[in-house]
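Below, each chain spelled out in residue letters.
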Amino acid sequence: MMVQGLTIAFPSGEREVLGYLARPEGDGPFPSVIIIHEIYGLTDNIKNIAHRFAEEGYAALAVDLFSGRNRTVCMFRFMGQMIFKSQNNESLHDLQSSLTFLETRPEVDKERIGAIGFCMGGGFAIAWACNDERLKVVAPFYGMNPRPLESVKRSCPVVGSYPENDFTASQGRKLEQKLKEYTISHDIKIYPEAKHSFFNEQGQAYQAEASQDAWQRVLTFFSTHIGEETA
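Criteria and thresholds
Residues numbered from 1 in each chain as written. Predicted model: local features only at pLDDT ≥ 70, side-chain atom pairs only at ≥ 80, totals over all residues. Heavy atoms only, no water. Salt bridge = Lys/Arg side-chain N within 4 Å of Asp/Glu carboxyl O. Helix = DSSP H or I, 4+ residues; strand = E, 2+ residues; numbered from the N terminus. Buried < 20%, exposed > 50% of the residue type's maximum accessible area, 1.4 Å probe, protein only.

### Quick word on the pattern of salt bridges
Next up, step 1: In total, this model carries 12 salt bridges according to the counting rule given.
Next up, step 2: In this structure, the salt-bridge partner of Arg134 is Glu103, at a minimum N-O distance of 3.2 Å. Taken together, the residues Arg134 in the loop between α4 (120–129) and β6 (137–141) and Glu103 in helix α3 (residues 90–103) connect sequence positions 31 residues apart.
Next up, step 3: Residue class for Glu103 comes out partly exposed when judged on its relative accessible area of 26%.
Next up, step 4: In this structure, Asp132 and Arg134 form a salt bridge, with 2.9 Å as the shortest nitrogen-oxygen distance.

### Some thoughts on unusual backbone geometry
Next up, step 1: Across the junction of Gly28 and Pro29, the peptide omega takes the value 5°, indicating a cis bond.
Next up, step 2: Following the sequence through the fold, Pro29 ends up in the loop between β2 (15–24) and β3 (30–36).
Next up, step 3: With omega at -5°, the peptide bond leading from Arg147 into Pro148 counts as cis.
Next up, step 4: Locating Pro148 in the fold gives a position in the loop between β6 and β7 (158–165).
Next up, step 5: Even without a glycine there, the phi angle at Thr183 is positive, about 50°.
Next up, step 6: Structurally, Thr183 can be placed in the loop between α5 (168–181) and β8 (186–195).
Next up, step 7: Judged by relative accessible area, Thr183 falls into the exposed class, the value being 71%.

Shown next as structure tokens:
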């Protein structure tokens, strides 16, 4: 499938946020995925993930949460947001604005939008799912859970991937327990041989087998909840 990629900008409050949009050729409307980067920012790896989604028929928007800001300062701010304001912070407002932007695009089916996030972005993804009914499905990778965890009773369906050799493995297990308790559709998997950032093809911790399996699980789960058959 031919893929088009372009840098875009959208408003979020009084600031402008940048992103990278990859989409299939054609008019659509396509299901869409918002990609939330890890602490390294909007890297080539994240843009490649957007292209991989586009090749599967999705309009994929990778949001640059560092837009117009000092990266080091942002890192400390993000950590504070996740710990102290996990469900109401500026990063979530930027992500909500990214969804609003997608809703205005004619090639996007606004009823079929999900999100995927990695590490920091994984934490933002699951917290966002608890506070925005427009999201239909999320895929957190090795992310922290929102506080309080009981807020996931408001979440959309979740497909989560966690490495056993990482502090987030316990987060995945706790999340799965709560999703079961609240009867929310989910697929949570802990990968025994994997480490943090195992999905990052450009990183030292990349684990091909776990990454490929997680990717197929995400595609299957997303297809069920926002794929063509749900239209």
